[in-house]
Amino acid sequence: MDSENDIFPIQKLRDLLATGESNESLVQQITDLFPVIIYVYDAEKKKMRFINRRVSELLGYAWEDLGDMHNDFSSLILEEDRELVRSELEKYLSLGDDNTHTYNCRYANKAGDCRYFKTVGTILSRNKSGGASSLLFIAQDITNNVQSELDKVAARKIIDNTESMLKIGLWNWDPVSERTEWSEGMYVLLGYTREELPEISPDLFYRHVNEGDRNKLHLKVKEALSTGNEYRMDFSIQTRDGRKLYINAMGRPVRDASGNIVKLTGIDMDISENYYQVLEYKANKELQKQTERMLNYGIFVWDVKDRSANLSDGLYEIFEVERDADKPGVNYDWYLQHVVEEDREKLESAVASAITNNGEFEVEYDIITERGNHKTVNSKGNVLVDDNNTPIRVVGNIRDVTRVKQVENELKRHVRELNRSNKELEEFAYAASHDLQEPLRKITTFGSRLMNKYGDKLGDEGRMYIERMETASESMRNLIENLLELSRVTRTAQQFESTNLNEVVDEAMSDLELPIDESGATISVDQLPQIEGIPSQLRQMFNNLLGNALKFRKPQVRPLIQVKATKLNRKEKEKHLLSTDRNYYQVDIADNGIGFDQEYDQRIFQIFQRLHGKSEYPGSGIGLAICKRIAERHSGQIFARGIDGDGAVFSVILPDKQ
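Residues numbered from 1 in each chain as written. Predicted model: local features only at pLDDT ≥ 70, side-chain atom pairs only at ≥ 80, totals over all residues. Heavy atoms only, no water.

Let's shift gears to the overall build of the protein chain. For the protein chain, the count of helices and strands is 18 helices and 22 strands. Here the protein chain holds 658 residues, and 37% of them are scored as buried. At a minimum sequence separation of 6, the contacts of the protein chain that also span at least 24 residues come to 55%. (Helix = DSSP H or I, 4+ residues; strand = E, 2+ residues; numbered from the N terminus. Buried < 20%, exposed > 50% of the residue type's maximum accessible area, 1.4 Å probe, protein only. Contact = heavy atoms within 4.5 Å.)

Below, the structure is given as structure tokens:
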């Protein structure tokens, strides 16, 4: 049922029409006075019996057009709403005499558009059985009101979408009544819905503010109410579901006509994404600064057109300049002034060539810092072009290599001195060894002649002295030959060539055929790699290593010797301080001989170093030193592992390419 406001006009009209219903002309005159559509519907014949002329004005139909519509009332109704109207008509049939019913629907106008109408109806007359005979309706055009509401809904939707997109919320707060109003965005920010919180308590928002920021926000609001000035503040909140958000808040006092502050209105924006981006930027900036400082480099951007320059903190430190945002003149020309005069043309030429060819450059030159210190730097840069392939910027880095150059030059000097010393030593050893050969041959020759010519006259003691002299001469000769061999390892001009290590080991075993047979040794050789090497030196190295394995065997035990090779992985190469970009093989020669104490693993590779007496194990003490020289000559290494009384393993590491 409807309110009294709906009932009174139509009841008055019903009574008025009832008095003159038989006079259609009078009814027409009366109903045309109302700015609404008034019509009478015959409930029994289900057609319109009367309609006032306002329908022409409100729906655009000519009065002549309405003749057919009396028989088909539904033609006035928009097609989509006709079923609704039929359903609503059924409700009127059961109304009491003083009751009305209201519904909204859309009417179709002459132009084909629709208008919104609010229709109020009641029973105008009844038949003899008491049923509704005719119904009276008043239809009021409410299109403007409906459109206004639709516009408000659309505007609210736009605001809600804008708030959602910008992650903001709007609010109003009355400091007197402490009434708080939130926009939809505020509910979303904190994780609530409007249905859950139809009323907002004054302290609700503060409860979500981080405890460390809560008091500061209170003070900001208090100050704004006191001074009338707006406030801005960044703080963090915890949402209903426990998420932490960073908020940028702005509040502004609103005054009435008397100048009194009547409310505080504001906006809260979720700046979490930007906050974390700023944190990451600051962290990256600090990391870059520390990296530049640690590696002594800086980054530059030069504008090709105006020659302006943007330098990172690292470059300011290299040039020993205090960074000052207001410092004028830091450009490409300023930079060139710090380059020493003899290197300036070299730098300009490299940069100009890169710009001309849209390429890159790298150049090393000297600079003079703001404090007058001399430094060497290395510059690398790339040219950036626009869509027309025109150079617009040069970007790159500049590294302070002063210390590197000093160390490099010092190292070169040490290497030069070492090479000179080694060369002199090798030349001395070669010359000394060669010169010693002649007197040694004379001692041997005259000793032999003395024995042959006067041996029977010297007696046993004399012959013993001569024999000992000849034995010492032979040892001296072997020692000199070994020294010459050691010298030849580094003095040789032989070229590296592809070498099959299995063939090299077979040749070494052939050289050692006699001691192998005498000792009854078993030597097993796995598949060995093909590398670049000097075959004669590699043969000598394996000859010495296999010879030692045969020599230093246990008494009454047949030697068992195994030769195998493995390719080093990255970790193994790093362990031995080798280049990880090259392939290396480790060849192991393992035996079951007398072994050695591991504390002597370095000493055994030194020249003339022996762990056993000559009478026990003959030799010159140079063999392993020669092996070490050969391994190093091949950009490799040699080392040994042993257990005293339980065998040894000698390992040689060699690259596949030189």
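Right, let's talk about the nonpolar core for a bit. Among the nonpolar cores identified, the biggest contains 37 residues, and Met541, Phe542, Leu545, Leu546, Ile589 and Phe650 are the most heavily contacted of them. Secondary-structure elements contributing two or more residues to this core are helix 14 (501-511), helix 16 (535-551), strand 19 (560-567), strand 20 (584-591), helix 18 (623-633), strand 21 (637-642) and strand 22 (648-655). The element contributing the most residues to this core is helix 16, with seven residues. Among all residues touching Leu545, those that are not within four sequence positions of it are Ile589, Leu624, Cys627, Ile638, Phe650 and Val652. One finds Leu89, Tyr92, Cys105 and Tyr107 within the second-largest nonpolar core, a separate group that totals 28 residues. (Core = buried A, V, L, I, M, F, W, Y, C linked by side-chain atoms within 4.5 Å.)

Where helix 14 contacts helix 16, the axes come no closer than 8 Å and their chain directions differ by 55°. Taken together, the axis directions place helix 14 and helix 16 in an arrangement best described as oblique. Considering only the axes of helix 14 and helix 16, their crossing is right-handed. In this structure, helix 14 uses Leu501, Val504, Val505, Glu507, Ala508, Met509 and Asp511 to contact helix 16, whose residues at the interface are Pro535, Leu538, Arg539, Phe542, Asn543 and Leu546. Tallied by class, residues from the contact of helix 14 with helix 16 come to nine nonpolar, one polar and three charged. (Axes fitted to C-alpha atoms, helices over the stretch in contact; angles between N-to-C directions. Parallel < 35°, antiparallel > 145°, perpendicular 65-115°, else oblique. Left-handed = near helix turned anticlockwise from the far one by under 90°. Nonpolar A, V, L, I, M, F, W, Y, C, P; charged D, E, K, R; others polar.)

Once that is clear, we can look at the sheet that holds strand 17 (residues 522-525). With mixed pairing, the five strands of this open sheet are ordered in space as 17-19-20-22-21. At either end of the open sheet lies a strand with only one pairing partner, and these are strand 17 and strand 21. When the angles between neighbouring strand axes are averaged without regard to direction, this sheet yields 15°. Of the strand pairs in this sheet, strand 19 and strand 20 are connected by six bridges, and their pairing is antiparallel. The residue of strand 20 that forms the bridge with Lys567 is Tyr585. Contacting strand 19, strand 20, strand 21 and strand 22, helix 16 runs over the sheet at an angle of about 30° to strand 20. With respect to the sheet, helix 18 is in contact with strand 21 and strand 22, its orientation differing from that of strand 21 by roughly 135°. (Pairing = 2+ DSSP bridges.)

In this fold, Thr499 is placed in strand 16 (residues 497-500). On the basis of relative accessible area, Thr499 is assigned to the buried category, the value being 4%. Look past the residues within four positions of Thr499 in its chain and what remains in contact with it is Val504, Pro529, Gln530, Ile531, Gly533, Pro535 and Leu538.

For the rest of this paragraph, the subject is the sheet that holds strand 6 (residues 168-173). If you trace the five strands from one edge of the open sheet to the other, you get 7-6-10-9-8, paired in antiparallel fashion. Pairing within the sheet leaves two strands with one partner each, and these edge strands are strand 7 (180-182) and strand 8 (231-238). Ignoring which end each strand starts from, the neighbouring axes of this sheet average 25° apart. With six bridges connecting them, strand 6 and strand 10 (residues 261-270) associate as antiparallel partners. Residue pairing in the sheet places Trp171 in a bridge with Gly266 of strand 10.

At 3.6 residues per turn, the α-helix brings residues three or four places apart onto the same side. Leu501, Asn502, Val504, Val505, Ala508 and Met509 are the residues of helix 14 that are buried. Taken end-on, helix 14 shows its buried residues confined to a sector of 160°, consistent with a single buried face. For helix 14, the secondary structure elements touched by its buried residues are strand 16, helix 15 (513-519), strand 17, strand 18 (530-533), helix 16 and strand 20. With a side-chain oxygen lying 2.9 Å from the backbone nitrogen of Asn502, the N-terminal cap of helix 14 falls on Asn500. (Arc of directions from axis to C-beta. Polar contact = N/O pair within 3.5 Å; in protein donor to acceptor, adjacent residues only side chain to side chain.)

Tallying each qualifying case throughout the model produces 16 aromatic pairs. Ring centres 5.6 Å apart and planes at 90° place the aromatic pair Tyr246 and Tyr276 in the edge-to-face group. Residue Tyr246 is found in strand 9 (residues 244-255), and its partner Tyr276 is found in helix 9 (residues 272-295); the two are separated by 30 residues along the sequence. Ring centres 6.2 Å apart and planes at 75° place the aromatic pair Phe605 and Phe650 in the edge-to-face group. Linking Phe605 in the loop between strand 20 and helix 18 with Phe650 in strand 22, this pair joins segments that are 45 residues apart in sequence. Aromatic ring contacts, followed pair by pair, group Phe300, Trp302, Phe319, Tyr332, Trp334 and Tyr335 into a single cluster. (Phe/Tyr/Trp six-rings, centres within 6.5 Å; stacked < 30°, edge-to-face > 60°.)

When you line up the elements, Asp400 lands in strand 15 (residues 391-400). Residues Asp400 and Phe319, 81 residues apart in the sequence, show an inter-C-alpha distance of 9.6 Å. Once residues within four sequence positions are removed from consideration, Asp400 is found in contact with Asn296, Ile318, Lys375, Thr376 and Val377. Side chain to side chain, Asp400 and Thr402 meet in a polar contact 2.6 Å long.

Turning next to the pattern of salt bridges. Any two side chains of opposite charge can pair if their charged atoms end up close together. In the structure shown here, the tally under the stated rule is 32 salt bridges. With a closest N to O distance of 3.5 Å, Glu230 and Arg232 form a salt bridge. Taking the relative accessible area as the measure of exposure, Glu230 reaches 34% and is therefore partly exposed. Across the pair Glu408 and Lys405 runs a salt bridge, and its minimum N-O distance is 3.4 Å. (Salt bridge = Lys/Arg side-chain N within 4 Å of Asp/Glu carboxyl O.)

Glancing now at the pairing of strand 20. With six of eight residues buried, strand 20 lies mostly within the body of the structure. With eight bridges connecting them, strand 20 and strand 22 associate as antiparallel partners. The partner of Asp588 across the bridge, within strand 22, is Ser651.

Attention now goes to the side chain of Asp656. Within the secondary structure layout, Asp656 lies in the segment after strand 22. The side chain of Asp656 sits in the buried core without any salt bridge; Lys657 is the nearest counter-charge, 5.8 Å away. (Lys, Arg positive; Asp, Glu negative; His and termini not counted.)

As paired elements, strand 11 (residues 297-303) and strand 15 share seven bridges and run antiparallel to each other. Across the sheet, the residue bridging to Val301 is Val395, located in strand 15. Relative to strand 15, strand 14 (residues 374-385) runs antiparallel, the two sharing nine bridges. When the sheet's bridge partners are listed, Ser379 is paired in strand 15 with Ile398. A loop of five residues connects strand 14 with strand 15, the two strands running antiparallel in sequence, and Asn389 in this loop sits at a positive phi of about 65°.

One can find Asn210 in the loop between helix 7 (204-208) and helix 8 (211-227). The partly exposed category is assigned to Asn210, whose relative accessible area is 31%. Residues Asn210 and Tyr246, spaced 36 residues apart in sequence, show a C-alpha to C-alpha distance of 9.7 Å. Residue contacts for Asn210: discarding those within four places in its chain leaves Ser236 and Ile237.

With respect to the helices and strands, the residue Asn358 is situated in the loop between helix 12 (341-356) and strand 13 (360-368). Separated by 32 residues in sequence, Asn358 and Thr390 place their C-alpha atoms 8.2 Å apart. Once you skip the residues sitting within four places of it in the chain, Asn358 turns out to touch Val383, Val385, Asn389 and Pro391. Only 3.4 Å separates the side chain of Asn358 from the backbone oxygen of Asn389, close enough to count as a polar contact.

This is a description of form; function is not addressed.
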